[in-house]
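# Summary of the model geometry
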Amino acid sequence: MEPRLSRRRILLSAGAAAGAVALVPNAATALPSPAGSPPAGAAVPGRRSAALVIHNARVFTGVRGEGVREAVAVGRDGRVLATGSDRELRRYAGRDTEVVDARKGTVMSGIVDGHAHPVAAGAATLNPSLGYLELTVPRLRELLRGFLADPAHGGEPDGWLVVADWNPVGLLPAGTVPHRTILDALPTRRPIALLGTDGHNSWVNGRALELAGITATTPDPPGGEIERDAGGAATGLLKEEAQGLVHRLLPDHPIGQVVEATARALQQAAAQGVTGFLDASADEWHLDVYTELARTGRLPQRISAALRLDAHEIREPREGLRWLRETRRRYADVPRLDLRTAKVFVDGVMEYPARTAALLEPYLDGAGRPTDHRGELQLKPDDFARLAMLLDTEGWQIHAHAIGDRAVRVALDGYEAAQRAGGRRDNRHTITHLQLVHPADVRRFARLGVVASMQLQWAMRDTWTVDALLPYIGPERHRRLFPARSLERHGALLAGGSDWPVDPLGVWNQIRTAVDREGADSDGPLHPEREGIRRTSALRMHTAGAAHQLRADHRTGTLVPGRAADLVLLDRDITRIPVPEISGTEVRLTLVGGVPVYEAGTAAGKAARARTAAPTARRPAGTDRHRACGGCTRKG
């Protein structure tokens with residue numbers, strides 16, 4: 001580990017690098033002195049001098065109705081001292097105050113990511129990756145042959161080849177279905193597992209099915225499906241909980257490697273301005289990683305963890321509560337780690353080929369004809385209601401995965417049952433993803449105080465929303481996808497999340513897409529006139545909104561005196577530039593509690609920034625699906 005440097009030395013080292021923040025150690029030359037003010041550099045009677053003043057900025061405080069300001073002062077306790085004009089904040093500059101010229105860039109609260117999987121993002125980098133790409137079968141096999149030939153990824157005859165970042169809707173031409181025979185054609189007898197980027201699908205070869213004991217007579221596990229062909233044989237596509245039949249056999253990476261990989265991932269996030277996360281599906285293994293990072297001083301963000309309850313713990317909520325309590329007790333002393341949330345999966349995902357999200361009306365067959373398939377609930381509605389009533393009484397927040405409109409209704413019904421039983425508490429229960437919400441349920445969010453956690457980088461036209469979705473839900477439901485504006489208009493509190501590594505982390509493209517519903521590298525906008533939100537709303541949902549969701553708004557999410565100085569300095573005025581330019585935003589400085597966790601001009605900062613050059617969307621730049629499949633025709 002690199003030697004720890006004093007805060008002043010870190011800041012000053014950045015100032016010497018090209019493109020770094022411009023730091024001025026002598027405050028006397030940096031800020032104008034108002035008429036009648038004390039001499040430059042002198043302490044103001046009765047007022048503390050700041051540790052840091054950032055001036056010549058566009059300060060977005062995140063407070064509704066509050067205009068943009070010019071400067072922010074950070075106290076020596078790591079809290080915001082004041083925001084205001086350059087002249088007003090001159091009084092906080094003492095002789096040892098660091099002064100940063102923002103060069104008209106925006107200063108705002110750090111990004112609070114209300115739904116992500118940081119440990120999974122780190123661990124995924126330890127496997128070979130398909131890079132979220134859309135691929136023809138020949139190109140897929142070519143890449144897999146390369147992985148098989150690399151001794152770093154195991155070897156013959158029995159070494160597992162585990163491949164990350166497989167795009168479950170990305171086989172070309174559109175409509176190509178994953179099947180074990182595609183993988184069985186590779187020159188190997190090794191078991192192969194491709195892990196879907198969505199976390200809800202895995203694709204394996206025949207050898208993997210054999211080792212897992214999956215045959216034509218193997219029953220589907222609760223909450224999962226073994227995809228079968230017309231003859232009843234397993235195709236190699238495993239959905240939802242059926243993935244566990246194979247995943248339990250996959251070799252584990254040593255915990256030390258996962259810790260190092262997660263440390264790199266968190267630095268990548270700091271380089272994008274992320275100062276806090278909800279780890280949206282955690283167990284003791286994830287918490288052990290955070291514990292080691294905190295012990296070694298490498299946990300830059302504040303982490304809330306949603307402890308995932310399994311099917312048995314949902315059916316027997318007192319057993320789930322007992323595990324939640326014991327886990328929180330065991331990790332109570334880990335700095336920057338907060339455990340007050342339980343994670344529950346209500347359904348799966350909506351896109352073809354999975355179609356496991358629970359819908360009120362059936363899916364279509366792809367040619368516009370109705371079917372009898374409405375997806376699957378992963379729990380019984382009454383079980384969820386009982387769980388919600390118990391956890392609400394005990395002060396636990398529930399973070400419910402619900403993508404289809406039937407699943408959303410089940411979650412809302414459960415939260416409403418909890419309120420009827422015990423009154424309204426401030427537990428800020430959340431529904432995350434919200435791809436489809438029935439219009440009759442939109443108003444219920446505000447009435448019940450339920451937080452709408454949304455991943456709006458998905459709200460664009462691409463393979464996922466067109467080829468893999470439109471033919472299977474029809475145009476009327478398609479127009480209602482990701483109803484951010486409808487929810488906000490009816491009083492719901494929006495919170496932003498990335499779902500990283502389901503997508504590559506792309507914070508600023510995510511914020512841009514919430515506004516124009518197009519984003520970078522898409523096939524066009526997705527109903528922006530209906531569901532696009534304002535720029536300030538997009539910024540707030542990724543700061544104050546997510547901080548509220550995490551019950552951390554007393555500490556972070558807005559630049560208010562007394563709140564922690566979790567803030568970012570950007571390279572542009574994000575409050576006024578054309579919306580498409582938001583995607584290209586770069587972070588110059590990230591502070592957590594007033595301490596730099598990322599500086600663009602340092603060697604560590606440059607390395608972290610280089611790792612952020614990942615794709616910003618599920619269809620990465622430069623992968624034109626029409627070129628790849630020779631001019632195939634889009635559905636819908």
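That block above? That's the structure.
Let me sum up the structure you'll find in this document. Quick caveat, the model's predicted, so the values are computed rather than measured. (Residues numbered from 1 in each chain as written. Predicted model: local features only at pLDDT ≥ 70, side-chain atom pairs only at ≥ 80, totals over all residues. Heavy atoms only, no water.)

### What about the overall build of the protein?
Where we set the bar: Numbering of helices and strands runs from the N terminus, with a helix taken as a DSSP run of H or I at least four residues long and a strand as a DSSP run of E at least two residues long. Residue burial is assigned from relative accessible area. The probe radius is 1.4 Å, only protein chains are included, and a residue is buried under 20% of its type maximum, exposed over 50%, and partly exposed in between. Contacts: residue pairs with any heavy atoms within 4.5 Å of one another. The Shrake-Rupley method, run with a 1.4 Å probe, gives the accessible areas here. Residue values count only the displayed protein chains as cover.
Along the protein, the regular secondary structure elements total 21 helices and 25 strands. Here the protein holds 636 residues, and 60% of them are scored as buried. Counting only contacts in the protein whose residues sit at least 6 apart along the sequence, the fraction spanning at least 24 positions is 74%. As displayed, the protein has an accessible area near 23,700 Å², and 51% of this comes from carbon and sulfur atoms.

### Focus: the packing of helix 8 (residues 255-271) against helix 9 (residues 284-295)
To be explicit about the condition: Only the stretch in contact is used when fitting a helix axis, every axis being a line fitted to C-alpha atoms; angles between N-to-C directions are given from 0 to 180 degrees. Roughly parallel refers to an angle under 35 degrees, roughly antiparallel to one over 145, roughly perpendicular to one between 65 and 115, and oblique to any angle outside these ranges. By convention the crossing between two helices is left-handed if the near helix lies anticlockwise of the far one by an angle smaller than a right angle, and right-handed if it lies clockwise. When residues are grouped by polarity, Ala, Val, Leu, Ile, Met, Phe, Trp, Tyr, Cys and Pro land in nonpolar, Asp, Glu, Lys and Arg in charged, and all others, Gly among them, in polar.
Two elements in contact, helix 8 and helix 9, have axes whose closest approach is 10 Å; the angle formed by their N-to-C orientations is 70 degrees. When the interaxial angle is binned, helix 8 and helix 9 end up roughly perpendicular. The element helix 8 and its partner helix 9 pack so that their crossing is right-handed. For the pair formed by helix 8 and helix 9, the contact residues are I255, V258, V259, T262, A263 and L266 on the first element and W285, V289, E292 and L293 on the second. Among the residues forming the contact of helix 8 with helix 9, the class breakdown is eight nonpolar, one polar and one charged.

### Some details on the sheet that holds strand 15 (residues 234-240)
Heads up, the condition is: Any two strands between which DSSP finds at least two bridges are classified as paired.
Taken together, the five strands give an open sheet; going across it, the order is 10-12-13-15-14, and neighbouring strands pair in mixed fashion. In this open sheet, the two edge strands, each paired with only one partner strand, are strand 10 (161-166) and strand 14 (224-228). Averaged over all pairs of adjacent strands, the angle between their axes in this sheet comes to 20 degrees, without regard to strand direction. Alignment of strand 14 against strand 15, held across four bridges, turns out to be antiparallel. Each bridged residue has a counterpart across the sheet, and for R228 the counterpart in strand 15 is A234.

### Details of helix 19 (residues 535-549)
We count it as follows: To estimate the expected span of a helix, count its residues, drop one, and scale the result by 1.5 Å. What is called the bend at a residue is the angle between a pair of axes, fitted to the seven residues leading up to and ending at it and to the seven starting from it.
Relative to the 21 Å expected for 15 residues at 1.5 Å per residue, helix 19 spans 20 Å between its end C-alpha atoms, a close match to the ideal helical length. Where helix 19 bends most, at M541, the angle is about 50 degrees. Where helix 19 ends, the next residue or the one after it, R551, has phi of about 55 degrees, a positive value.

### Quick word on unusual backbone geometry
Excluding glycine, most residues fall at negative phi; most peptide bonds, likewise, are trans. Put simply, L172 and P173 share a cis peptide bond, and its omega is 0 degrees. Mapped onto the elements, P173 comes out in the loop between strand 11 (171-172) and helix 5 (180-184). One non-glycine residue with positive phi stands out, namely L434, at about 50 degrees. Within the secondary structure, L434 is located in the loop between strand 20 (430-433) and helix 14 (444-448).

### Focus: the environment of L567
Assignment of secondary structure puts L567 in strand 23 (residues 567-570). Spatially, the C-alpha atoms of L567 and S109 are 4.3 Å apart, while their sequence positions differ by 458 residues.

### Considerations on the nonpolar core
Proteins that are soluble and globular tend to have nonpolar side chains buried together. How we decide: The set of buried Ala, Val, Leu, Ile, Met, Phe, Trp, Tyr and Cys residues whose side-chain atoms join them within 4.5 Å is what this entry labels a nonpolar core.
Core analysis: the largest hydrophobic core is formed by 111 residues, its most contacted members being I431, F445 and W508. Among the elements that make up this core, the one with the highest residue count is helix 8 (eight residues). Core analysis: the next-biggest nonpolar cluster, separate from the first, contains 19 residues, F147, V163, I182 and I192 among them.

### Describing the packing of aromatic side chains
Each aromatic ring pair is specified by the distance between its two centres and by the angle formed by the two planes. Heads up, the condition is: In this scheme Phe, Tyr and Trp rings, the latter by its six-membered ring, pair at centre separations within 6.5 Å, and the angle between planes marks the pair as stacked below 30 degrees, edge-to-face above 60, and tilted otherwise.
Following the criterion strictly, the structure yields five aromatic pairs and no others. Between the aromatic rings of Y352 and Y472, the centroid separation amounts to 4.9 Å while the plane-to-plane angle is 5 degrees, which identifies the pairing as stacked. With Y352 in the loop between strand 18 (337-345) and helix 12 (381-393) and Y472 in helix 15 (residues 470-478), this residue pair connects regions lying 120 residues apart in the sequence.

### Comments concerning the sheet that holds strand 17 (residues 302-308)
With parallel pairing, eight strands are arranged side by side in an open sheet as 8-16-17-18-19-20-21-22. Bordering the open sheet on either side are strand 8 (111-116) and strand 22 (494-496), each of which pairs with just one other strand. When the angles between neighbouring strand axes are averaged without regard to direction, this sheet yields 25 degrees. Relative to strand 17, strand 16 (residues 274-282) runs parallel, the two being bridged by five bridges. Bridge pairing in strand 17 places F277 opposite I303. Against the sheet, helix 13 (residues 405-422) touches strand 19 (397-402) and strand 20, its axis set at about 160 degrees to strand 19.

### A look at the pairing of strand 19
Note the cut-off: For the handedness criterion, the strands are oriented away from the viewer, and a crossover whose path from the first strand over the helix to the second runs clockwise is classed as right-handed.
Counting buried residues along strand 19, six of its six residues qualify, which places the element largely inside the surrounding structure. Across the two faces of strand 19 the burial is the same, with Q397, H399 and H401 and I398, A400 and A402 all buried. With five bridges connecting them, strand 18 and strand 19 associate as parallel partners. Counterpart to V344 in the pairing with strand 19 is A400. Once you follow strand 18 into helix 12 and on to strand 19, the crossover reads as right-handed. Looking at chain direction, strand 19 and strand 20 are connected through four bridges and run parallel. Bridge pairing links A400 to I431 in strand 20.

### Focus on the environment of L364
Along the chain, L364 falls in the loop between strand 18 and helix 12. Look at L364 and you get buried, because its relative accessible area is 15%. Between the C-alpha atom of L364 and that of G474, which follows or precedes it by 110 residues, the distance is 7.3 Å. In this structure L364 touches R355, R369, P370, T371, P471, Y472, I473, G474 and R477, once residues within four positions along its chain are discounted.

### Some points on the packing of helix 11 (residues 317-330) against helix 12
With their axes 9 Å apart at the nearest point, helix 11 and helix 12 run at an angle of 40 degrees to one another. On the basis of the axis angle, helix 11 is oblique to helix 12. Between helix 11 and helix 12 lies a crossing of right-handed hand. Between helix 11, through P317, R318, L321 and L324, and helix 12, the contact on the second element is made entirely by L387, L390 and L391. Tallied by class, the residues present in the contact of helix 11 with helix 12 amount to six nonpolar, no polar and one charged.

### Details of the pairing of strand 20
Along a regular strand, successive side chains alternate from one face of the sheet to the other. In this view, the connection linking strand 19 to its parallel neighbour strand 20 by way of helix 13 has right-handed handedness. Relative to strand 21 (residues 451-454), strand 20 runs parallel, the two being bridged by three bridges. Note that in strand 21 the partner of T430 across the bridge is V451.

### Some thoughts on helix 12
Along its 13 residues, helix 12 runs 18 Å from first to last C-alpha, staying within 8% of the 18 Å computed at 1.5 Å per residue. Within helix 12, burial applies to D383, F384, A385, L387, A388, L390, L391 and D392. Buried residues along helix 12 sit against helix 10 (311-315), helix 11, strand 18, strand 19 and helix 13. Of the residues trailing helix 12, G395 is marked for its positive phi of about 85 degrees.

### What about the side chain of T585?
Note the following rule: Polar contact is the term for a pair of N or O atoms within 3.5 Å; when the atoms are in protein, one must be able to donate a hydrogen and the other to accept it, and sequence-neighboring residues count only if both atoms are side-chain atoms.
Its location among the elements puts T585 in the loop between strand 23 and strand 24 (587-592). Judged by relative accessible area, T585 falls into the buried class, the value being 3%. Engagement of the side chain of T585 in a polar contact is seen with the backbone oxygen of I582, the distance being 2.8 Å. Sequence-distant contacts of T585, that is, excluding residues within four places in its chain, are made with W508, L570, D571, R572, I574 and R609.

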